[in-house]
Amino acid sequence: MNPHTSNPYMFILEADPSRYIKTPSAAVVALIKAAEGGVALLWCFRLFGYLQQLFHGKAGAMPLEILRVLLPKEMMDLILPGAIPDGGMIGKVLCWVVSLSLFVILICMAVEAAAALLLRFALQGAKLFQITHKVLFIAVIVLLLGVTGTCVPLVLYLTQSGIKIYQVLLSGGETLLKPMRPLLVTLVCMILLLIRVSYHKGVVTVLSAIEYEIRLGFKETAMETTHMSRDALLLALIFLGAAAATGFFVEWISLYVFAFVVLAVKYFAVYNCWGDFCRRHR
């Protein structure tokens, strides 16, 4: 007797992860993540130098100064041209929280680069990918908390300076907006991190399902609801916007524009990967 005839549920529950992993979109994601891993390693060395400065008391005004360690001067002059306010002891503590969580994130990105290549081209490393991304998810939440806490000393600084925030928002003007720029940059970072928290939560859920299917050979039928498509598209559009802004305000033919476009391509590819996954789990 045919085993599928005697037990039809076995056929229905069988999984074939290669059908949604070994795709062109997944290859694009894996290759771009490999490049990201290399950049993450370089940033680890830069951030380690900043941590040494923190330890010796030569840095630690506010977490915003970490952007000057990681981002090129041209971009920093564009988004944060003025001086960074001193946040005192609160600012120093927040610098430690933000820099350590960023350091963990960069290490996870480097490890994920190898895991992504193994998963796409050999159907291996799913467990490593899953564990690493869980750590990454937690680190992003800690980073978000640290960046959110940065708003407190920045608002105190504006209040002590005699600047009324509502007056700045109502009147506008470069002169009035200049003191507000550190707070505005911090708020933008918070919004981006909120999107990434939701995105990483979805990735952890999908990776858990993939690891389950590779390990057992059966489809995951009880997966939590995610917002992968929304978050991936949002991130893709944000990076496209960053590429356009960099080209308009700095230079179109530059490494930074290219990097932002590549990241946008990655998230469009993630969106396609999510579509492939969904089609195999209807």
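Residues numbered from 1 in each chain as written. Predicted model: local features only at pLDDT ≥ 70, side-chain atom pairs only at ≥ 80, totals over all residues. Heavy atoms only, no water.

Between two packed helices, both the angle of their axes relative to each other and the distance between the axes serve to describe the pair. It is at 8 Å that the axes of helix 7 (residues 88–122) and helix 8 (residues 126–160) come closest, and there the two elements cross at 155 degrees. What the angle tells us is that helix 7 and helix 8 run roughly antiparallel. Of the two possible hands of crossing, helix 7 and helix 8 adopt the one that is left-handed. Here the contact of helix 7 with helix 8 is built from residues that sort into 23 nonpolar, six polar and one charged. (Axes fitted to C-alpha atoms, helices over the stretch in contact; angles between N-to-C directions. Helix = DSSP H or I, 4+ residues; strand = E, 2+ residues; numbered from the N terminus. Parallel < 35°, antiparallel > 145°, perpendicular 65-115°, else oblique. Left-handed = near helix turned anticlockwise from the far one by under 90°. Nonpolar A, V, L, I, M, F, W, Y, C, P; charged D, E, K, R; others polar.)

So, on to the pattern of salt bridges. As enumerated under the stated definition, the model contains seven salt bridges in all. The partner of Glu-36 in a salt bridge is Lys-266, with the nearest N and O atoms 3.0 Å apart. You can see Glu-36 sitting in helix 4 (residues 24–55) and its partner Lys-266 sitting in helix 13 (residues 255–279), a full 230 residues away along the chain. For the residue pair Glu-36 and Lys-266, the accessibility class agrees, reading buried in each case. One salt bridge connects Glu-211 with Arg-215, and the closest N-O pair in it is separated by 3.0 Å. Taken together, the residues Glu-211 and Arg-215, both in helix 11 (residues 181–216) and four residues apart, mark about one turn of the helix. (Salt bridge = Lys/Arg side-chain N within 4 Å of Asp/Glu carboxyl O. Buried < 20%, exposed > 50% of the residue type's maximum accessible area, 1.4 Å probe, protein only.)

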